[in-house]
Amino acid sequence: MQRNPWSTLAVLAVAQFMVVLDVTIVNVALPDIQQDLGFTASGLQWVVSAYTLLFGGFLLLGGRVADLLGRRRMFVAGLVLFGVTSLVAGLAQNPEQLVIMRAVQGLGGALMSPAAFAILTVTFAHGRRRNIAMGVWGGLAGLGGTLGVIAGGLLVDSLTWRWVFLVNVPIAIVLALLVPLYVAESRVATTGRRTFDVAGALLSTSGLLAIVLGVIRAEPKGWSSFEVVALLVGGLALLAAFVRVEARSAAPLVPLGLFRSRGLTTSILALALNGAAFLGMFFLTAIFLQQVRGLTALETGLQFLPMGIAAIASAIIASQLVTRFGTKPVQFGGAALSIIGLLLLSRADATGSYALTILPGIVLFGIGIIAVGTPASIAAVADVRHDQAGAASGVVNAGYQVGGALGLAVITTLATSHVQSLLTGGTQPQEALVGGFERGLLFAAVFAAVNMLTAIGAPRLRPTTDQVVEAAVAA
């Protein structure tokens, strides 16, 4: 049956909008979730990290399974899993239930997102129509991130925090009904045995989970404790085993030869650092605005809105600057703006004016974070073989998610330990929270500073307009 490609795009774009929305919509609900379910200060980050780690850890496997078993089939499977786990997360009665559902929700996103993008690329032929489709796809994804904070605030204030998860359920049901009507099945033709490298996905994700847990447990136990050392060493051993498996696999999840590309290697590092700075800032600022400044969830979302608008504008401007000046100077400038934004934001206190103490920092950070991401995404696939572009894009996307989870663990652990130290020394609770917020953002600025060094080592490329559109959206 012949299907209208633009109807296909509409279904896929709404699904991607939901996945992106889910990342930001949760942040403004964190204080209410913590109070209602009894999360500890260090444990609360798992509401974010569990999702991003599983999403990033299984993204490549999700893409390969979709290619071999059927993209529409895996898209629907991921969509159903995402919807079911959203329902159970919205009904969770304790921290453990919510974190487990967030993790499985991330797995659903890892099945759905690469399948949707693959369907998009086979639906639209290379050229103007594909560029338009990718522009719509990327624009709705960016809009989802921006509107997430507003939608989350509205749902929390007018209903409860549970609706930031429950809102996904009717969307998932409608999309699942529409997919057979508007999305055609496709898969990669194979002649030999189909292999999926499940072992590689399990080893890499387990290793990363162990390292994140080790970093988090360092706050109550100390970095030299047996538990923390065992988790960190065990995590590194699992990652080493992952590299060994990939080197021997006939169909590896991550072809190690990709890392011979300097552009890809520096881009993965840049986007991982970008993810760390972004998730750390978002997490800490959402809690600061509500627990220190006493704002409602909706007021918090509205205060984040200028950052989203600045990020959308930055994506347009950065794409133009890259075609004119090349990727390297744009990436360097974006990292510098990120640092300035974080330093300005770290000076905020409990009573200062929003226009003077919050707004400048989040706007500059919003501009800077995208000005790093756009050239890094382009450079990632610029010198990779065409038949490996999909794998390279998946590695870059996974790097951003995983880097964000690891960075969030480090930033929140250091911020929480500083708060505890201040409280032990007799500092008032609100003042201690301000001190932890400042310390956390300063460490986020350290990640951004490392990104300046990464930009110096990155190749300088001057891509065409078509390359900018395709590479930026793919990564």
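All values derive from a computational prediction rather than experimental measurement. (Residues numbered from 1 in each chain as written. Predicted model: local features only at pLDDT ≥ 70, side-chain atom pairs only at ≥ 80, totals over all residues. Heavy atoms only, no water.)

1. With respect to a nonpolar patch on the surface
Worth spelling out the cut-off: To count toward a patch, a residue needs a relative accessible area above 30% and no salt bridge. Like charges then connect within 9 Å, nonpolar side chains (Val, Leu, Ile, Met, Phe, Trp, Tyr) within 5 Å. Throughout, the Shrake-Rupley method with a 1.4 Å probe supplies accessible areas, and for residues the shown protein chains are the sole cover considered. Every case where a carboxyl oxygen of Asp or Glu lies within 4 Å of a side-chain nitrogen of Lys or Arg is listed as a salt bridge. The helix count covers DSSP runs of H or I at least four residues long, the strand count covers runs of E at least two residues long, and both are numbered beginning at the N terminus.
On the surface, Leu-143, Leu-147, Ile-312, Ile-316, Ile-317, Leu-321 and Phe-325 cluster together into a nonpolar patch covering about 550 Å² of accessible area. Mapped by element, the contributors of at least two residues to the nonpolar patch are helix 7 (128-158) and helix 13 (297-325). Among the elements that line the nonpolar patch, the one with the most residues is helix 13, at five residues. Its location among the elements puts Ile-312 in helix 13.

2. Here's the deal with the nonpolar core
The line we're drawing: As used in this record, nonpolar core signifies buried Ala, Val, Leu, Ile, Met, Phe, Trp, Tyr and Cys residues forming a set joined through side-chain atoms within 4.5 Å. Only protein chains enter the accessibility calculation, which uses a 1.4 Å probe; a residue whose area is less than 20% of its type maximum is buried, one above 50% is exposed, and one in between is partly exposed. Residues are treated as being in contact if the distance between any of their heavy atoms lies within 4.5 Å.
Grouped together as the largest cluster of nonpolar side chains are 122 residues, with contacts concentrated most on Phe-75, Leu-98 and Met-281. The biggest single contributor to this core is helix 12 (residues 262-292), with 18 residues. In contact with Met-281, not counting residues within four places along its chain, are Phe-304, Met-307, Leu-342, Leu-345, Phe-365 and Leu-441.

3. Here's the deal with the packing of helix 1 (residues 5-25) against helix 9 (residues 168-182)
The condition is simple: Fitting a line to C-alpha atoms yields each axis, with helices limited to the stretch in contact; the angle taken between N-to-C directions then spans 0 to 180 degrees. We call two directions roughly parallel when the angle between them is under 35 degrees, roughly antiparallel when it is over 145, roughly perpendicular when it lies between 65 and 115, and oblique otherwise. Should the near helix be turned counterclockwise from the far one by less than a right angle, the crossing is left-handed, whereas a clockwise turn marks it as right-handed. Each residue is assigned to one of three groups, with Ala, Val, Leu, Ile, Met, Phe, Trp, Tyr, Cys and Pro labelled nonpolar, Asp, Glu, Lys and Arg labelled charged, and all others, Gly among them, labelled polar.
Closest axis-to-axis distance for the helix 1/helix 9 pair is 10 Å, and the angle between their directions is 155°. Here helix 9 runs roughly antiparallel to helix 1, going by the angle between their axes. Helix-helix and strand crossings are classified by hand; for helix 1 and helix 9 the assignment is left-handed. From helix 1, Ser-7, Thr-8, Val-11, Val-14, Ala-15, Met-18 and Asp-22 reach across to helix 9, where they touch Asn-168, Ile-171, Ala-172, Leu-175, Leu-178, Val-179 and Tyr-182. Per-class residue counts for the contact of helix 1 with helix 9 are 10 nonpolar, three polar and one charged.

4. Notes on the packing of aromatic side chains
To describe a pair of aromatic rings, you give the distance between the ring centres and the angle between the ring planes. The following threshold applies: Between rings of Phe, Tyr and Trp, where Trp is taken as its six-membered ring, a pair exists when centres lie within 6.5 Å; planes separated by under 30 degrees are stacked, by over 60 edge-to-face, and by other angles tilted.
Taken as a whole and judged by the stated rule, the model has five aromatic pairs. Aromatic pair Trp-161 and Phe-165: ring centres 6.2 Å apart, planes at 85°, arrangement edge-to-face. For Trp-161, a relative accessible area of 4% gives the class buried. An aromatic cluster of at least three residues, connected via ring pairs, comprises Phe-278, Phe-282 and Phe-304.

5. Observations concerning the pattern of salt bridges
Throughout the structure, instances matching the rule amount to four salt bridges. Between Arg-162 and Asp-36 there is a salt bridge, with the nearest N and O atoms lying 3.8 Å from each other. Highlighted residues: Arg-162 in the loop between helix 7 and helix 8 (163-166) and Asp-36 in helix 2 (residues 30-37), separated in sequence by 126 residues. Classification of Arg-162 by relative accessible area gives buried; the value is 18%. Residue classification places Asp-36 among the partly exposed residues on the basis of a relative accessible area of 46%. Note that Glu-227 and Arg-217 form a salt bridge whose closest N and O atoms lie 2.8 Å from each other. With Glu-227 in helix 11 (residues 226-248) and Arg-217 in helix 10 (residues 198-221), this residue pair connects regions lying 10 residues apart in the sequence. What makes Arg-217 partly exposed here is its relative accessible area of 27%.

6. Quick word on the layout of surface pockets
Where we set the bar: Only protein atoms enter the 1 Å grid, on which a cavity is a set of points fitting a 1.4 Å probe that cannot get out and a pocket is an open set with protein on both sides within 12 Å along at least 5 of 7 lines, lining residues being those with an atom within 4 Å of a point. Grid points are joined across faces, edges and corners, and a volume is the space filled by probe spheres set on the points.
Here the second largest pocket defines a volume of roughly 580 Å³. Ser-204, Leu-208, Phe-242, Phe-259 and Val-402 are the residues nearest the centre of the second largest pocket, which is lined by 22 residues in total. Of all the secondary structure elements, the ones that give two or more residues to the lining of the second largest pocket are helix 3 (46-57), helix 10, helix 11, helix 12 and helix 17 (389-424). A total of six residues in the lining of the second largest pocket trace back to one element, the largest contributor, which is helix 17. Split into classes, the residues belonging to the lining of the second largest pocket amount to 17 nonpolar, five polar and no charged.

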